[in-house]
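If you want the building blocks of each chain, they are given just below.
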Amino acid sequence: MRVIPIRDAATSPLLPEVTAPLAVDGPLLDRRGRSLRDLRISVTDRCNFRCIYCMPREVFGHDYPFLPREALLSFEEITRVARLFVAQGVRKIRITGGEPLLRKDLPRLIEMLAGLDGVELTLTTNGVLLPRLAPGLKAAGLHRVTVSLDALDDPTFRRMNDADFPVARVLDGIAAARDAGLGPVKVNMVVKRGTNDQGIEAMANHFRHSGHILRFIEFMDVGSSNGWKMDEVLPSREVVARIDRLFPLEPIDPNYEGEVAERWRYRDGAGEIGVISSVTHAFCSTCTRLRLSTEGKLYTCLFAQNGHDLRALLRAGADDERLHAAIAAVWRQREDRYSEIRTAATAAARKIEMSYIGG
Ligand code: SAM
Ligand code: SF4
Ligand code: SF4
């Protein structure tokens, strides 16, 4: 029987500072000594795809209760919160979802966020709306995009997106992003053993010499609806070994401490790839990411079971000092390290869906 996915427990704890504001003193570190550097903002829980590993159609069908409009944080609310995060040390903001390009007037939000100094502003998308939107996003101040693409052959890709989108639509999106100046484009392929792993070498071959950076992501047990099984995870080391056999690779240093992808470059100078081994090689010890959901809850881990309701504070008229203290308190009490302690039991537990929390 399918488990009905949840957004969050209705009783998720309100932030402690609603009643007792905390002073913000000293460097902002969580209980494991990690600082807060990356903010992922989900701008919609809706999507035009139904990827089998993310929003399986039998759960996210036509009667799935997506969030009503008034539940979404407004652009003004998002920008206000983002400004406070930047003051707390955030240096990178990623817009995500659901499919973020479905959010009406998105370039206006980008323009508002681009006004924040010293922040790298990026977006993750399935790419099909980029031909229409990429120039406007660039003009609004977006720096780069990551585009998801799981296969180069249409039958496999259509099976995976389960919404009948052909590969060409995504390739057009990648080209539009590059032409608009949103590169280097990162291309994310979720590898599901037995579903699309036969296309690894073809993907590598296609994106060599392109200037785009192909990244292979291990299939993860996010949410409760995707029927995750360890057998379907193809370890990144196998991906690297398979590509290396055809196109020899060598490791390269991370761009910065805490980078999620492990980087490899082709020895013949054809570019680089990355592997994201969230299952077989956890990187929780350097995880500096916080997520803001579509309706304004803060999640300190992709696999969280509860969020902290920042929207309640915002809409209750909290001033910046109160919000600052709330954010700091959430971070200071963080001790997540889900990927380090994953077991069959944790994988089966009810977790929040990625399309809601923000991928
Ligand atoms: N709709 C956009 C997209 O697909 O790029 C943005 C949101 S999506 C949730 C963000 C990323 O999460 C995508 O690259 C997607 O492939 C990845 N993703 C979703 N479910 C996943 C899973 N179960 N395991 C690994 N990656 C997953
Ligand atoms: Fe939509 Fe992205 Fe999830 Fe696919 S991975 S269903 S494109 S949100
Ligand atoms: Fe960060 Fe949670 Fe992923 Fe670990 S499992 S890397 S703490 S988001």
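The structure this text deals with has already been given above.
Everything numeric in this text was worked out from a predicted model, so none of it was measured.

By the criterion of burial, strand β9 (residues 272–276) is predominantly enclosed, with four of the five residues buried. Alignment of strand β6 (residues 213–218) against β9, held across four bridges, turns out to be parallel. Opposite Ile-217, over in β9, you have Ile-276 as the bridge partner. Where strand β8 (residues 262–266) meets β9, four bridges bridge the pair, whose relative direction is antiparallel. Bridge pairing links Glu-262 to Val-275 in β9. Counted between consecutive antiparallel strands, the loop separating β8 from β9 contains five residues, among which Gly-269 sits at a positive phi close to 85°.

Another point: the pattern of salt bridges. Evaluation of the coordinates by the stated rule reveals 24 salt bridges. When the shortest N-O distance is used, the salt bridge between Glu-238 and Arg-193 registers 3.8 Å. Remark: Arg-193 occurs in the loop between β5 (186–191) and α6 (200–207) and Glu-238 occurs in helix α7 (residues 236–246); sequence separation between them is 45 residues. Counted as one network, the salt bridges with shared partners bring together Asp-30, Arg-34, Arg-334 and Asp-336.

Where helix α3 (residues 130–140) contacts helix α5 (residues 167–180), the axes come no closer than 8 Å and their chain directions differ by 20°. Considering their axes alone, α3 and α5 lie roughly parallel with respect to each other. Between α3 and α5 lies a crossing whose hand is right-handed. Contacts between α3 and α5 involve Leu-130, Pro-131, Ala-134, Pro-135 and Lys-138 from the former and Asp-172, Gly-173, Ala-176, Ala-177 and Ala-180 from the latter. Among the residues making up the contact of α3 with α5, the classes are represented as seven nonpolar, one polar and two charged.

Reading the values: rules and limits
Numbering of residues starts from 1 in every chain and runs along the sequence as written. Labels follow written order: the first chain is A, the first ligand is 1, and so on. Where local features are concerned, this predicted model is filtered to residues with pLDDT of at least 70; where side-chain atom pairs are given and counted, the filter is 80 or more; whole-chain, interface and lining totals use all residues. Working from all heavy atoms in the structure, the side-chain values ignore hydrogens and water. Burial here depends on accessible area, computed with a 1.4 Å probe over protein chains only, as a share of the maximum for the residue type. Under 20% is buried, over 50% is exposed, and the range in between is partly exposed. A run of H or I in DSSP becomes a helix once it reaches four residues, and a run of E becomes a strand once it reaches two; helices and strands are each numbered from the N terminus. At least two bridges found by DSSP between two strands are what make those strands a pair. Throughout this description, the term salt bridge denotes a Lys or Arg side-chain nitrogen within 4 Å of a carboxyl oxygen of Asp or Glu. Axis geometry follows a simple rule: fit a line to the C-alpha atoms, using only the stretch in contact for helices, then measure angles between N-to-C directions, giving values from 0 to 180 degrees. These descriptions rest on fixed angle ranges, namely under 35 degrees for roughly parallel, over 145 for roughly antiparallel, 65 to 115 for roughly perpendicular, and the rest for oblique. If you view the pair so one helix is near and one far, a crossing is left-handed when the near helix is turned anticlockwise from the far one by less than a right angle, and right-handed when it is turned clockwise. The contact criterion used throughout is that any non-hydrogen atoms of two residues lie within 4.5 Å. Any residue that is not Ala, Val, Leu, Ile, Met, Phe, Trp, Tyr, Cys, Pro, Asp, Glu, Lys or Arg is counted as polar, Gly included; the first ten are nonpolar and the last four charged.

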